[in-house]
Amino acid sequence: MKYSRLFGKTSKSNPSDSKFISHVNLIKGGFIAESVAGRYFFLPLGWRVHEKIKAIIKDEMDRAGAQEMITPTLHPLELWRETNRTNTTGFELMTVTDRRGAEFALGGTAEEMIVDVVRKFSISYKDLPFNIYQFSKKFRDELRARGGLLRVREFVMKDAYSFDRDEEAFKEEYARMARTYTRIFERCGIKTHIVAADNGYIGGDYSHEFIAEHSEGESTFFVTDESAESASKNNGYCAHEDVAEFTYEPINPDVMIEPFEIVELPEWVHTVADQVKHYQKDSRYFLKNVVYTTREGDLVVVTIRGDLEVHKTRLERLLNLVGQIEPATAEDLAAIGTQPGYVHAWGHEFVEPRQAKTEERTCRVLYVADNSLKTVRNIIGGQKEATTDSINVNYGRDFTHEIEGDVALPQDGFLAPDGQHRLIEKRGIEVGNIFQLGYHYTKLMKKATYTDNDGLGKPFYMGCYGIGLGRTLAAIVETCHDENGIIWPEEVAPFRVHLISLRGGEERAEHLYQALQEQGIDVLWDERDISPGAKFADADLIGCPFRLVVSKRTGEQIEFKRRTEADARLIDESELFREILM
């Protein structure tokens, strides 16, 4: 490709709202262009990288025995209703209605569609196991698109789905996919952690994310101090904040339990921070209540130690309400006769009429106790009024909640489950995930069964496996760059060679351009009549693995430089192909 003919050249303009180097470099390098928020054009350079990533994924998936297919983009909405996922996806489902009045979802994920096509066939135990996958557009009406390709509303995903007889057979496929994903990301030049994670709206009991460590990444995960080194090799403790386990340390186990009291309190004391200032005690000695509302109209009052924050995903999982709770508003609190800063840890009931979202039930106040309440004696708080508060509150003596669990956000330095080591917090970019689905979909969807050797129909045992191609591309740039631009790993680079001709080197460059292509080496030739400095800057920004410069000064030799190296050197043409192909 001659650079003068390339559509989408480098630019000096920066995305104004991005802190991610991938967003900046991909825009400036001419790889992508924004359409509207969360949706991007892949320009020719960007699409070449995208398709090379796709080729790696396809090669490894085929090698693992998976079979490629494709599903329609529009999913009949009745399939999503069959699994009750029309309102529990974790993102806003986008829907359309055709001229016949038929309703469809724009596919955000494809579990229902894949199960639907599989159940159209008569499958016996002799046909199992099998794994089918596709590369398809996904649509998610994300609340906040950000970071260029890292969080978008439309993207290409490789999603795969395995079908087995039982859990034992599935475990083999799950391990095979983990190995396959590791090879995929290694070939893409990304070092990943395999992180135990929550299944969320996908369903099933366990999953793992493949996360590229990055200080600005959206995913938070934890390793333990004794396994930090081994975790990077994926053989130590490594868990997402959604599922990371920890042990609460006792705060004051030796103090005597004091009688419950109501005490006077200045009117300016409203928050835990105010209480800390007033009582001159650390926030862990206080109790606070955090309130949520469910889609059914219930209120959930979470009682937790004052130094901790509620982790919404953990709370949803404890209540079996994944994707169905939101922070309560002042209006919600008014319905139980209170307001922000005055929520009680016990005793609230609905005092105003409240419309339930289904006629079959009435709204309730659900109380949830975080297990941290059991670690501290003589807590302050729990029954705050305008000028009074409660002290010497003890969970188990003064109140208990029917629902208990660990719903706190894990923190760096928390004690690990073994009671000896500490959690270390890390951040990163999720580039892939693998899920155990079990019977989640095949028991919800009718006739999703195979015929076993006893002649009976039994539900398939499933897994699913996803990689976002655009996000993977962005993660490569986030982890492979310097101050001058992108440093593409060789297997995904848009071109292997960036050839630059300067004055007096045009004829020599034409010869090299043809010779490289004849050897099957893809090459970008910058033959423009602009300054050498501008050409070199563009080459560094675009980031191809090898830069070749020919000019009157180089004579019969070639200035050769790897993108990963600081200095160039002169070589003969006889050495060139050995250097590039070695």
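Draft legend 1. A look at the sheet that holds strand β4 (residues 74-76). Across the sheet, which stays open at both edges, the 3 strands sit in the order β4-β6-β5 with antiparallel pairing between neighbours. In the strand order of this sheet, the two ends are held by β4 and β5 (95-97), each with one partner. Sheet twist, expressed as the average angle between the axes of neighbouring strands with direction ignored, equals 40°. By the bridge criterion, 3 bridges tie β5 to strand β6 (residues 103-106) in an arrangement that is antiparallel. Within β6, the position partnered with Thr97 by the bridge is Glu103.

Draft legend 2. Region of the structure containing the environment of Ser124. Within the secondary structure layout, Ser124 lies in the loop between α4 (111-118) and β7 (130-139). In sequence terms Ser124 and Asn453 are 329 residues apart; their C-alpha atoms lie 7.9 Å from each other. Residues within four places of Ser124 in sequence aside, it is in contact with Tyr450 and Thr451. At 3.1 Å, the side chain of Ser124 and the backbone nitrogen of Lys126 are in polar contact.

Draft legend 3. Representation of the pattern of salt bridges in the model. Under the definition given, this model contains 47 salt bridges. Lys19 is paired through a salt bridge with Glu216; the nearest N and O atoms lie 3.1 Å apart. Taken together, the residues span a long stretch of sequence, with Lys19 in the segment before α1 (21-28) and Glu216 in the loop between β10 (206-213) and β11 (219-224) at a distance of 197 residues. One salt bridge in this structure joins Lys374 and Glu404, with 2.9 Å as the shortest N-O distance. With Lys374 in the loop between β17 (365-370) and β18 (388-391) and Glu404 in strand β19 (residues 403-405), the pair connects residues that are 30 residues apart, well separated along the chain. Sharing partners across several salt bridges, the network here consists of Asp59, Glu60, Arg63, Arg183, Arg187 and Glu491.

Definitions and cut-offs
- Residues numbered from 1 in each chain as written.
- Predicted model: local features only at pLDDT ≥ 70, side-chain atom pairs only at ≥ 80, totals over all residues.
- Heavy atoms only, no water.
- Pairing = 2+ DSSP bridges.
- Helix = DSSP H or I, 4+ residues; strand = E, 2+ residues; numbered from the N terminus.
- Axes fitted to C-alpha atoms, helices over the stretch in contact; angles between N-to-C directions.
- Contact = heavy atoms within 4.5 Å.
- Polar contact = N/O pair within 3.5 Å; in protein donor to acceptor, adjacent residues only side chain to side chain.
- Salt bridge = Lys/Arg side-chain N within 4 Å of Asp/Glu carboxyl O.

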